Amino acid sequence: MVEVSGNVEKDNPFDLKPSYRTSKIRVYITATDDPYHEVRISEIGLLNDVLIRDVFYADRALEDGEYRYSVTAVDDYGFESPPSEEVKAMVGDVVSPSPPQNLVAAAAASQVSLDWSPNPEPDVAGYHVYRKAGNVWTKINAALIAGNACEDPNLPNGTYTYRVTALDHTGNESFPSNEASLRSLSSPPASGPPYRYRAGRGQGAGTLMGIYGFSCSRV
Ligand SMILES: [Ca+2]
């Protein structure tokens, strides 16, 4: 039984269990909540399953990818067997490129420059670059990058991590490259409390240790 409630759609498709020898059905409306409107059915279209009589079948015009199939047998009474074991079929190119290697990041002021080794696969179409801020990876390129370098400009001060993937012409994407992490630094603010550097111990007063832009201690 199929129940419809609160429905305002004009078309109501129902997926009924296929019954082999059924060519017509009857529809009974047994109840309606709306006493002021009668329910009308203008048309019923019945799409029958067409059983395959042969012991082969060709699934044509498929996109590249992995497909799985199983088969059932149906008898004259409409009873269906359990499905056969699944078989897997690979269509077209389902092989992703290898992960890009040797990703290196360099910062100059508020810009990060990235480069990496070109992938060896002949069907590589380009690369995606992902940047991690917090725990979120975001793809930063709008279009596929054809070369093996890119720049990420106008970054606020902060630490950024990058990784790159390679894609082939089918759209198969590789696992990510190594991660490259660095700190982007631009000019310090003009105002604010003065910075004082902590002196290193045991090396005489006033020795500066590990002072790099904003990474210095604020004391
Ligand atoms: Ca491929």
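Bear in mind that the values here come from a model prediction, so they are computed numbers and not experimental data. (Residues numbered from 1 in each chain as written. Predicted model: local features only at pLDDT ≥ 70, side-chain atom pairs only at ≥ 80, totals over all residues.)

What to know about the overall build of the protein chain
No. 1: Helix and strand counts for the protein chain stand at zero helices and nine strands.
No. 2: When the elements of the protein chain are put in sequence order from the N terminus, they spell out β-β-β-β-β-β-β-β-β.
No. 3: Looking at the protein chain as a whole, 9% of its 219 residues qualify as buried.
No. 4: A sequence separation of at least 24 residues applies to 57% of the contacts in the protein chain between residues at least 6 apart. (Helix = DSSP H or I, 4+ residues; strand = E, 2+ residues; numbered from the N terminus. Buried ≥ 20, exposed ≤ 12 C-beta atoms within 10 Å, placed from the backbone. Contact = placed C-beta atoms within 7 Å.)

Focus: the sheet that holds strand 7 (residues 149-152)
No. 1: The three strands are arranged 3-4-7 in an open sheet whose pairing can be described as antiparallel. Looking at the sheet topology across the chains shown, the edges are occupied by strand 3 (104-108) and strand 7. Across the sheet, the mean angle separating the axes of adjacent strands is 20° when strand polarity is ignored. (Pairing = 2+ DSSP bridges. Axes fitted to C-alpha atoms, helices over the stretch in contact; angles between N-to-C directions.)

Considerations on the nonpolar core
No. 1: Counting eleven residues, the largest nonpolar core consists of Leu-103, Val-112, Leu-114, Trp-116, Val-124, Tyr-127, Val-129, Tyr-162, Val-164, Ala-166 and Leu-167.
No. 2: Looking at this core element by element, the count peaks at four residues for strand 8 (residues 158-168).
No. 3: Ignoring anything within four residues of it in the chain, the contact list for Val-164 reads Pro-100, Leu-103, Trp-116, Tyr-127, His-128, Val-129, Pro-176 and Ser-177. (Core = buried A, V, L, I, M, F, W, Y, C linked by C-beta atoms within 7 Å.)

Focus: the pairing of strand 6 (residues 136-139)
No. 1: Bridging between strand 5 (residues 124-133) and strand 6 involves four bridges; their strand directions are antiparallel. Across the sheet, Ala-133 pairs through a bridge with Val-136, a residue of strand 6.
No. 2: The hairpin turn running from strand 5 into strand 6, its antiparallel successor, is two residues long, and Gly-134 in that turn takes a positive phi close to 65°.

Concerning the environment of Trp-116
No. 1: With respect to the element layout, Trp-116 can be found in the loop between strand 4 (111-115) and strand 5.
No. 2: Judged by local crowding, Trp-116 falls into the buried class, with 25 C-beta atoms found within 10 Å.
No. 3: Separated by 13 residues in the primary sequence, Trp-116 and Leu-103 have C-alpha atoms spaced 4.3 Å apart.

Quick word on the confidence of the model for the protein chain
No. 1: Mean pLDDT over the protein chain: 79, with 76% of residues reaching 70 or higher.
No. 2: Counted against residues more than four places away or in other chains, residues 194-219, with its pLDDT under 50, gives 18 contacts. (pLDDT = per-residue confidence, 0-100.)

Focus: the pairing of strand 3
No. 1: Note: strand 3 against strand 4, five bridges, orientation antiparallel. Of the residues in strand 4, the one forming a bridge with Ala-106 is Ser-113.

A few points about unusual backbone geometry
No. 1: The backbone of Ala-61 sits at a positive phi, close to 55°, despite the residue not being glycine.
No. 2: Mapped onto the elements, Ala-61 comes out in the segment before strand 1 (65-69).
No. 3: A residue is classified by how many C-beta atoms lie within 10 Å of it, and Ala-61, with 4 of them, is exposed.
No. 4: Phi at Asn-102 takes a positive value of approximately 60°, unusual for a residue other than glycine.
No. 5: For Asn-102, the location among the structural elements is in the loop between strand 2 (87-91) and strand 3.

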